[in-house]
4 protein chains.
Amino acid sequence: MSTGQLEQAVGWRRHNERVTTTSTNSGRPKANEGGGGTRRRGKGSPALASERREHLVKLAAELFAEKGFQATTVRNIAEEAGILSGSLYHHFDSKESIVDEILSGFFTEIMSAYQGVIDQGMSPRDTIAGLVRLAFGTLEPHRAAITVMQNDWNYLKGMDRFAYLTKSEDEVEKMWVDTIKAGQKDGSFREDIDPKLTYRMIRDTVWVAVRWFKPGGRLNSKGLAEHYLKVMFDGINTH
Amino acid sequence: MSTGQLEQAVGWRRHNERVTTTSTNSGRPKANEGGGGTRRRGKGSPALASERREHLVKLAAELFAEKGFQATTVRNIAEEAGILSGSLYHHFDSKESIVDEILSGFFTEIMSAYQGVIDQGMSPRDTIAGLVRLAFGTLEPHRAAITVMQNDWNYLKGMDRFAYLTKSEDEVEKMWVDTIKAGQKDGSFREDIDPKLTYRMIRDTVWVAVRWFKPGGRLNSKGLAEHYLKVMFDGINTH
Amino acid sequence: MSTGQLEQAVGWRRHNERVTTTSTNSGRPKANEGGGGTRRRGKGSPALASERREHLVKLAAELFAEKGFQATTVRNIAEEAGILSGSLYHHFDSKESIVDEILSGFFTEIMSAYQGVIDQGMSPRDTIAGLVRLAFGTLEPHRAAITVMQNDWNYLKGMDRFAYLTKSEDEVEKMWVDTIKAGQKDGSFREDIDPKLTYRMIRDTVWVAVRWFKPGGRLNSKGLAEHYLKVMFDGINTH
Amino acid sequence: MSTGQLEQAVGWRRHNERVTTTSTNSGRPKANEGGGGTRRRGKGSPALASERREHLVKLAAELFAEKGFQATTVRNIAEEAGILSGSLYHHFDSKESIVDEILSGFFTEIMSAYQGVIDQGMSPRDTIAGLVRLAFGTLEPHRAAITVMQNDWNYLKGMDRFAYLTKSEDEVEKMWVDTIKAGQKDGSFREDIDPKLTYRMIRDTVWVAVRWFKPGGRLNSKGLAEHYLKVMFDGINTH
DNA sequence: GATGAATGAGGTTTCATTCAT
DNA sequence: TATGAATGAAACCTCATTCAT
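Bear in mind that the values here come from a model prediction, so they are computed numbers and not experimental data. (Residues numbered from 1 in each chain as written. Chains lettered and ligands numbered in written order. Predicted model: local features only at pLDDT ≥ 70, side-chain atom pairs only at ≥ 80, totals over all residues. Heavy atoms only, no water.)

Student: I tried to follow a positive patch on the surface on my own but got confused; where do I start?
Tutor: Positive charge collects at one region of the surface, where Lys157, Arg211 and Lys214 of chain A together with Lys157, Arg211 and Lys214 of chain B lie side by side. Structurally, the position occupied by Arg211 of chain A is in the loop between helix 9 (195–208) and helix 10 (221–234). (Patch = residues over 30% accessible without salt bridge, like charges linked within 9 Å, V, L, I, M, F, W, Y side chains within 5 Å. Areas by Shrake-Rupley, 256 points an atom, 1.4 Å probe, with all protein chains shown as cover. Salt bridge = Lys/Arg side-chain N within 4 Å of Asp/Glu carboxyl O. Lys, Arg positive; Asp, Glu negative; His and termini not counted. Charge placed at Lys NZ, Arg CZ, Asp CG, Glu CD. Helix = DSSP H or I, 4+ residues; strand = E, 2+ residues; numbered from the N terminus.)

Student: What exactly am I supposed to notice about helix 2 (residues 51–67) of chain C here?
Tutor: Under the 1.5 Å per step criterion, the end-to-end length of helix 2 of chain C is 24 Å for 17 residues, consistent within 8% with the ideal 24 Å. Among all positions in helix 2 of chain C, only Arg53, Leu56, Val57, Leu59, Ala60, Ala61, Leu63, Phe64 and Ala65 of chain C are buried. Buried-residue contacts for helix 2 of chain C involve helix 3 (74–81), helix 4 (85–88), helix 5 (95–119) and helix 7 (143–156) of chain C together with helix 6 (143–156) of chain D. Positive backbone phi, at 95 degrees, marks Gly68 of chain C, one or two positions downstream of helix 2 of chain C. (Expected span 1.5 Å × (residues − 1). Buried < 20%, exposed > 50% of the residue type's maximum accessible area, 1.4 Å probe, protein only. Contact = heavy atoms within 4.5 Å.)

Student: Can you help me understand the interface of chain C and chain D in this one?
Tutor: Many descriptions give the size of an interface as the accessible area lost when the pieces come together. On the chain D side, the residues contacting the 45 residues of chain C number 45 residues. Between chain C and chain D, a total of about 4,400 Å² is buried, with carbon and sulfur atoms accounting for 53% of that surface. At the boundary of chain C and chain D, one finds four salt bridges. Linking Asp194 of chain D and Arg218 of chain C is a salt bridge whose minimum nitrogen-to-oxygen distance equals 2.5 Å. (Buried area = accessible area lost by both parts, 1.4 Å probe.)

Student: Can you help me understand the UniProt feature "DNA-binding region" (unreviewed entry) in chain A in this one?
Tutor: Mapped onto the present numbering, the UniProt feature "DNA-binding region" (unreviewed entry) falls at residues 73–92 of chain A. Secondary structure content for residues 73–92 of chain A is 60% helix and 0% strand, and the end C-alpha separation is 14 Å. (UniProt positions renumbered as here; feature names shortened; annotations may be inferred.)

Student: What's the story with the packing of helix 8 (residues 163–185) of chain C against helix 9 (residues 195–208) of chain C in this structure? I'm lost.
Tutor: Packed helices, taken two at a time, are described by the angle their axes make and the gap between the axes. Residue and element names in this part refer to chain C. The contact between helix 8 and helix 9 brings their axes to 9 Å, and the two run at 120 degrees. With respect to helix 9, the axis of helix 8 lies oblique. Crossing of helix 8 against helix 9: the hand is right-handed. Counted together, Glu169, Val172, Glu173, Trp176, Val177, Ile180, Lys181 and Gln184 of helix 8 and Pro195, Lys196, Thr198, Tyr199, Arg200, Ile202 and Arg203 of helix 9 form the full contact between these two elements. Class assignment of the residues belonging to the contact of helix 8 with helix 9 gives a composition of seven nonpolar, two polar and six charged. (Axes fitted to C-alpha atoms, helices over the stretch in contact; angles between N-to-C directions. Parallel < 35°, antiparallel > 145°, perpendicular 65-115°, else oblique. Left-handed = near helix turned anticlockwise from the far one by under 90°. Nonpolar A, V, L, I, M, F, W, Y, C, P; charged D, E, K, R; others polar.)

Student: Would you mind showing me how to read the protein's contact with DNA strand E here?
Tutor: Taken together, 32 residues are adjacent to DNA strand E, and Ser87 of chain A, Val74 of chain B, Tyr89 of chain C together with Ser87 and His90 of chain D come closest. Near the protein, within 4 Å, the atoms of DNA strand E are sugar or phosphate in 60% of cases. Tyr89 of chain C places a side-chain nitrogen or oxygen 2.3 Å from a phosphate oxygen of DNA strand E. The side chain of Ser87 of chain D places a nitrogen or oxygen atom 3.0 Å from a phosphate oxygen of DNA strand E. Elements represented by at least two residues in the surface near DNA strand E include exactly helix 4 (85–88) of chain A together with helix 3 and helix 4 of chain C. (Near = heavy atom within 4 Å. Polar contact = N/O pair within 3.5 Å; in protein donor to acceptor, adjacent residues only side chain to side chain.)

Student: What's the story with the pattern of salt bridges in this structure? I'm lost.
Tutor: Close approach of charged atoms allows side chains with opposite charge to pair. Under the defined criterion, the tally for this structure stands at 51 salt bridges over all chains. In the salt-bridge network here, residues are joined through shared partners; they are Glu96, Asp100 and Arg161 of chain A.

Student: What am I meant to see in the relation of the copies chain C and chain D here?
Tutor: Relating the two copies of this chain is a rotation about some axis coupled with a shift parallel to it. Relative to chain D, chain C is turned by 180 degrees and slid 0.0 Å along the rotation axis, the superposed coordinates differing by an RMSD of 0.1 Å. What the rotation and shift describe, once combined, is the action of a two-fold rotation axis. In terms of proximity to the rotation axis, the leading residue of chain C is Gly235 of chain C, whose C-alpha is 1.9 Å off the axis. Take the interface residues of chain C: 100% of them recur as interface residues in chain D, which is what a same-surface contact looks like. (Least-squares fit on C-alpha atoms with pLDDT ≥ 70 in both.)

Student: How should the environment of Trp176 of chain A be read in this particular structure?
Tutor: Residues and elements named next belong to chain A. Mapped onto the secondary structure, Trp176 falls in helix 8 (residues 163–185). Residue class for Trp176 comes out buried when judged on its relative accessible area of 2%. Sequence separation between Trp176 and Ile128 is 48 residues, and the spatial gap between their C-alpha atoms is 7.5 Å. Discounting residues that sit within four places of it in the chain, Trp176 has contacts with Tyr114, Ile128, Leu131, Val132, Tyr199 and Ile202.

Student: Hey, could you run me through helix 5 (residues 124–138) of chain D in this one?
Tutor: Side chains of residues three or four places apart in an α-helix project in the same direction, reflecting 3.6 residues per turn. Residues and elements named next belong to chain D. Helix length check: helix 5 (15 residues) gives 21 Å between terminal C-alpha atoms against 21 Å at 1.5 Å per residue, within 8%. Of all 15 residues in helix 5, twelve are buried; the element is thus mostly enclosed. Every buried residue of helix 5 is accounted for by Pro124, Thr127, Ile128, Ala129, Gly130, Leu131, Val132, Leu134, Ala135, Phe136, Gly137 and Thr138.

Student: Explain the packing of aromatic side chains to me, please; I cannot follow it from the model alone.
Tutor: Within a pair of aromatic rings, the relevant descriptors are the distance that separates the centres and the angle that separates the planes. Counting across every chain of the model gives 40 aromatic pairs over all chains. Note on Phe69 of chain D and Tyr155 of chain D: the rings are 6.2 Å apart at their centroids and 40 degrees apart in plane angle, and the pair reads as tilted. Taken together, the positions of Phe69 of chain D in the loop between helix 2 (51–67) and helix 3 (74–81) and Tyr155 of chain D in helix 6 put the pair 86 residues apart, joining distant regions of the chain. Overall, the relative accessible area of 5% leaves Phe69 of chain D in the buried class. A relative accessible area of 29% means that Tyr155 of chain D is categorised as partly exposed. Ring-pair connections join several aromatic residues into one group, and the members of that group are Phe106, Phe107, Trp153 and Trp207 of chain A. If you follow Lys95 of chain A out to its NZ or CZ, it ends over the ring of Phe69 of chain A, 4.5 Å from the centre. (Phe/Tyr/Trp six-rings, centres within 6.5 Å; stacked < 30°, edge-to-face > 60°. Lys NZ or Arg CZ within 6 Å of the ring centre and 35° of its normal.)

Listed below in structure tokens is the structure:
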């Protein structure tokens, strides 16, 4: 799951454990709940969460990104996977479960990554630069998830099940805003900018780029980041 | 339709002519084409045949903005208007016609306004500033349309009927990019920024603000514009 | 709606007003909720609740009675009515709404009727006789509703929406039990019978008869009632 | 299988022979018909090939009783047993096979028991009393089966496979009705009661009690039976 | 015996749209 | 203009059942 770029930038994530704690419902069908307990699961293999399942999630993510969550039908996804729509329900509770898995996965990952940058204790300016680079760095490996987030946020945020989206958003905002404020305090950033406003503009600029960013185009995501940092730090004016 | 702010800023729009030429289909139902004869609208009455129609469009725009185009049902709109869903079809061909009217109206307006700024023949830097102010200025009067554009663009752009969206977008891009390039040529803007990239970031930053911008909040749209111009021109660094 | 027999027996119900207050949700689609208020409804006509709708309810009741609630599909009902399944949703919220209307209608009616008998202030023995006659009297006009109640009670009672079933049942039980107790006090009924148990046996015997009772058979419902009263009051033994 | 009470009352059942002849299809999967040869079960081992199977039937019966046959899914049963739904098909042909086993088991048992009472050659009055006691006595050990019979009869009776239900019902009816008639002939029972009607009322009253009868409540099933006999024989009136 | 994946038929519901009145 | 009834396509989802491993 080419998160290599992301991991390199931060160096904190050791293995590919899928953490879905953020989401209240990981979407796994409740099949064997009353289970007897005698269910063996092979020698030592740690869950593994089904490669099939992960494959399906990835397919769905592509479709959601391309056509939007609502416009993508369960049949679309099933056809893409070469099965019947009903068969999808062997793996997922509902269409919502799928998008939940996509988004909660992305969110837990990005938040840990952000925290990793902050924990490095760099100067505010370098921290902001690090966060920006990190964010742009997710554009490619998490293109689908980010696109869904951008396009369907408004629709999804209204549902109880996705309350964690708003919650996570707030947490992330705090990380950035605090860093910007620290930068103002230590004299790195201008006093006459509004930290919250500035954060939002940065955030939006980065995520929204997913709409037109094409991997393998003129600029790669690294180039994008550097370009943006330049403008963001020093403006477009000559001095 | 409080476009006052916008009109003042530019001074180009004289009357309330509804220009729908951009859209291939103006969305008017063919129903009453062979008009019976009882149709009043005499010579001196410039009154649009339907304030009712405009009212309905506005209601629909609010709903589309709030819940998304797809998630808003024709019934939702009808209910909001206090009529039955079938009755809407006396005013509009289809659901698409309504959103078409919303978006095409916004686009023709914004494009004329942009052109008006450019035609003033100011310096590149002042022109860019004017465009940015203009764009932020639309946030309030056109909140619904912009929101729809932001959220449902991806879905709508795939439909033939909305091909004009992409076309208009390209025209607008050219206006901005040309101005930025002119600014680089005359030494106002740094040579090491990518004009196209820079335009996109500016554009996205402005429009995406519609997601969190609340009229009557801490900053009005004018304040937002000035804040952004500051950052955009000179960066967030102290110098 | 041949409730004639029932009404005669009691003489308290004046018109065919459909009272659905017992049910928390009458099942009417929420169509014009935000309604403007200007909705006129003809000169003086008191609602009328759509004969079409009532017709559909009756068709559905027959099917539910014949095949059971779960085994009856929405398509079955629609076919019986000569329309498509989706069209049913113009009249009803859901399949549940239909059965709700059937049962809540029956319950409000029977409870009022019971109360009417009690309010006549007859002796306990005559009151019980009246109640039994009344109950048997509903077998024919409310055959479908009673059948549904008998067969699907267990399934329906588990749903929030049908909580009123259990509530109504308790109220009815109180009416009967109080009367039986009064009969014990005034010496009409034996002291060594359990009022609650006795009520339940009477109730079950009556309702369950719906399973085999055929109008136009050897015994009509009046005959059934008299036969049962005989056995219930004096037993099957010769004395 | 605590049929102790039942057996004691009658003393006719000698061994645990599972008699499924009544049912046209015993429900055993044809899977292991050509048995490999490793099938133990030798001479001395009377152990039923599958206590597991019986356990599953019992689990299923509980669920059918609680939620109804149709509302209980194969998955529900499997989960309760701690296996996957597909695995159930190693034990049973189909969902119907399970309920068939439940009901046919109950029916053969109760019919033999009834016959046993009749064969004792007691007076009609004592025979009826015996039958009533016997029926009430099944309420506890066969609660689940009786509940299923009561609630899902209507649904099941329509299926070919369950034709035996109606057939058995008729046989049972004959036993009772003949006894009642004999009682009328010998002067024990009133001439002015309808034997068939009377039988049905008794039968219904007993079985329907399963809906509210709670073992361990105020009255046990023996108490219930005595109470009912009192009312049935002598009525609720004082004399 | 059990798993895990899939089937296929069918279920309820939604919704844009049409049209006679 | 509006209503009220209906259409028809398609949506999400359920579930008994099958079968290779």
